[in-house]
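# Structure assessment
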Amino acid sequence: MSRIVLVSNRVLDPKQAAQAGGVAVALADIVRTRPALWFGWSGDVRDDATTPHIEGKIATVALTESEHEQYYLGYSNSVLWPVFHNRLDLAEFEAGYYEQYENVNKRLASLLAPMLKPDDIIWVHDYHLIPFATELRKLGVKNSVGFYLHIPFPPWQTFMAIPEHEKLAHGLAAYDLVGLQTKADVSNLIDYMTNGVFGRVVPDGRIRLFDRLVRVASFPIGIDVEDFAHAKRKSPVVQGRGVLRMIGVDRLDYTKGLPQKFKAFGTFLEKYPRYRRQVVLTQIAPPTRENVGAYTDIRQQLESLAGSINGRYGEIDWVPIHYIHRSAPRRRLADLYRSSRIGMVTPLRDGMNLVAKEFVAAQDPADPGVLVLSRFAGAAEELEEAMIVNPYSIDAVADVMRDALEMGLEERIARHRALMARVRRSDVGTWCRSFLRALEGLRDDDDPRGWPPSELIEQALRKLNQSNPQRAMAGRGIAPV
Ligand code: ADQ
């Protein structure tokens, strides 16, 4: 069995990873169960540590002050994160962060390269590391290298607003496989590759870009269902007297639609006064990236919204919004999900959103809560039986809150059963296995390392497209793996 080399921006101690949840659990699981190496940033920022610290299957590196500032807070989180989430207005293009972004990728690649064995499979994670494969290739690494993007890929014209978009495209082309969360992301990336940088789809579904061949496909991420399916049995009634809970669990990020959610709850209380004293909204929102400029306002904005809604509608014995600005242990999260009647997952844009899946998995199948889900979360592509909303439409979300509260037991059970089947079908194990199988498969099927532009394929494609122009378009739907 080949060794899997995982590369991600943050590497966590496997015990911490179990607590952090989400992707960290999945990666820690690969490390535990397979021959593996997990390589990346330790989370430390100091100028004296330039060599990797290796402990068993974990190899970590510290970042220097300026790397942290420009590569992590700067290019990754003040340029790529906002653009990929359709927030061009928040992107700091002029700050000159790109050089350091490339330098860190180069430095990390040069530290990893000597640790690699010829048959290692390399799996790189997320937007911090787009140029990583290019840097490995420059050092002569010929292994299969796959990339998985956890956040959405934006519409192609939006991506082209990044001054360095072509360099990023070169970075993506250096991978053998690029995995995305949803079919919509695949379509955006293929649109960009073909319209923005003149890539061509070849008959086997791969894209020929800058004389390399890259496969692009969707691998929707999932959760460890068993982690949540055994939440303590609890009634969805809180605070005695039949008060029902709506629950929100999101990092305090401008992409998560938190002010809109609070406003919708205020509108709901205004429009449907009979629900006052009957419902609370519990929002858990731990701080995140507090040193990035775009994040400074949101905390204040939320505190003031919660304060004004609580001031306006609250009573001595009923506080409408419980806003908790810190992290909760995972066990506690599962219990909270289960004791809530509504899961409010309403990001303005999200790669997948694991909270939506965790909420479904934690429900009591005999008396399940209702998932309200933004159409702009990747999860909406799969979780069709949720109540799908437009988070920008405050009025519509307020109405859906009422509909969800009024939904009868039979409908709640039917929707939950269908959702649970979907959450189980594409759990975190399936995600991992299907990505790795696709990446490993590439090594058996063909030799992706030489990447000669094949005249034969080109000719065949030209003929095919001349005889049937529709096919040229159809080919772009491509690449289910
Ligand atoms: P995130 O933006 O962090 O992830 P999400 O998918 O919801 O968003 O994952 C967050 C994880 O952290 C969940 O497992 C959740 O339980 C946990 N979490 C959130 N708030 C918490 C709290 N207060 N206390 C404890 N735990 C909390 C990025 C992308 C997503 C994509 C994931 C995985 O932005 O779109 O789904 O990666 O690919």
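Check the entry above for the structure.
One structure accompanies this document, and this report is about it.

### A closer look at the packing of aromatic side chains
Evaluation of the coordinates by the stated rule reveals 25 aromatic pairs. With a centroid separation of 5.2 Å and 55 degrees between ring planes, the pair formed by Trp41 and Tyr72 is classed as tilted. Highlighted residues: Trp41 in strand β2 (residues 36-45) and Tyr72 in helix α3 (residues 65-84), separated in sequence by 31 residues. For the residue pair Trp41 and Tyr72, the accessibility class agrees, reading buried in each case. With a centroid separation of 6.0 Å and 45 degrees between ring planes, the pair formed by Phe228 and Tyr337 is classed as tilted. With Phe228 in helix α9 (residues 225-229) and Tyr337 in helix α12 (residues 330-338), this pair connects stretches of sequence that are 109 residues apart. Tyr337 carries the same exposure label as Phe228, and that label is buried. Clustering of aromatic rings is evident, with ring pairs tying together Trp123, Tyr148, Phe219, Trp431 and Phe435. The ring of Trp41 is capped by Arg10, whose NZ or CZ atom sits 5.7 Å from the centre of that ring.

### Re the packing of helix α10 (residues 258-271) against helix α14 (residues 394-406)
The interhelical angle for the contact between α10 and α14, taken along N-to-C directions, is 65 degrees, at an axis separation of 8 Å. Regarding α10 and α14, the two cross each other, and that crossing is right-handed. Contact residues: Gln260, Lys261, Lys263, Ala264, Phe265, Thr267, Phe268 and Lys271 in α10; Ile394, Asp395, Val397, Ala398, Asp399, Met401, Arg402 and Leu405 in α14.

### Some details on the site of the ligand
Neighbouring residues of the ligand: 24 residues in total, closest His150, Arg251, Asp350, Leu354 and Glu358. Contact distances for the ligand include 2.7 Å between an oxygen atom and a side-chain N or O atom of His150. The backbone of Asn353 places a nitrogen or oxygen atom 2.9 Å from an oxygen atom of the ligand. Looking at the shell around the ligand, the elements that each hand over two or more residues are α12 and α13 (354-362). The residue inventory of the shell around the ligand, partitioned by class, reads 12 nonpolar, 6 polar and 6 charged. Each of domain 1 (4-222 + 430-475) and domain 2 (225-425) gives at least three residues to the shell around the ligand.

### Side note on the pattern of salt bridges
Under the definition given, this model contains 37 salt bridges. The partner of Arg87 in a salt bridge is Asp89, and the shortest N-O contact between them spans 2.9 Å. Residue Asp89 is classed as exposed on the basis of its relative accessible area, which comes to 57%. Arg212 serves as the salt-bridge partner of Asp176, at 3.8 Å between the closest nitrogen and oxygen. With Asp176 in the loop between α7 (165-173) and β7 (177-180) and Arg212 in strand β10 (residues 212-218), this residue pair connects regions lying 36 residues apart in the sequence.

### Focus on unusual backbone geometry
Look at Asn86: it is not a glycine, yet its phi comes out positive at around 65 degrees. Assignment of secondary structure puts Asn86 in the loop between α3 and α4 (98-112). The partly exposed category is assigned to Asn86, whose relative accessible area is 36%. Residues other than glycine seldom take positive phi values, yet Asp211 does so here, at roughly 65 degrees.

Parameters and conventions
- Counting of residues starts from 1 at the beginning of each chain's written sequence and follows it residue by residue.
- Owing to the predicted nature of the model, reporting of local features is limited to residues with pLDDT of at least 70; listing and counting of side-chain atom pairs is limited to 80 or more, with chain, interface and lining totals taken over all residues.
- Where side-chain values are given, they derive from all heavy atoms of the structure, hydrogens and water being excluded.
- Centre distance within 6.5 Å is the pairing criterion for rings of Phe, Tyr and Trp, where only the six-membered ring of Trp is used; planes under 30 degrees apart are then read as stacked, over 60 as edge-to-face, and the remainder as tilted.
- Numbering of helices and strands runs from the N terminus; a helix is a DSSP stretch of H or I covering at least four residues, while a strand is a stretch of E covering at least two.
- Note on classification: 1.4 Å probe, protein chains only; a residue is buried when its accessible area is under 20% of the maximum for its type, exposed when over 50%, partly exposed between these limits.
- Either the NZ atom of lysine or the CZ atom of arginine qualifies as a charge over a ring when it sits within 6 Å of the ring centre and within 35 degrees of the ring normal.
- Structural elements are reduced to axes, namely lines fitted to C-alpha atoms, with helices fitted over the stretch in contact, and the angle between N-to-C directions of any two is expressed from 0 to 180 degrees.
- Note: crossing handedness is left-handed where the near helix turns anticlockwise from the far helix by less than a right angle, and right-handed where it turns clockwise.
- By the convention used here, residues are in contact when the closest approach between their heavy atoms is within 4.5 Å.
- Throughout, the term near means that a residue has one or more heavy atoms lying within 4 Å of the molecule or strand in question.
- Here a polar contact is taken to be a pair of N or O atoms separated by no more than 3.5 Å, where protein atoms must pair a possible hydrogen donor with a possible acceptor and residues adjacent in sequence count only if both atoms sit in side chains.
- Here the term charged refers only to Asp, Glu, Lys and Arg, the term nonpolar to Ala, Val, Leu, Ile, Met, Phe, Trp, Tyr, Cys and Pro, and the term polar to all other amino acids, Gly among them.
- Domain start and stop points were drawn from an automatic or database domain assignment.
- What makes a salt bridge here is a side-chain nitrogen of Lys or Arg within 4 Å of a carboxyl oxygen of Asp or Glu, nothing more.

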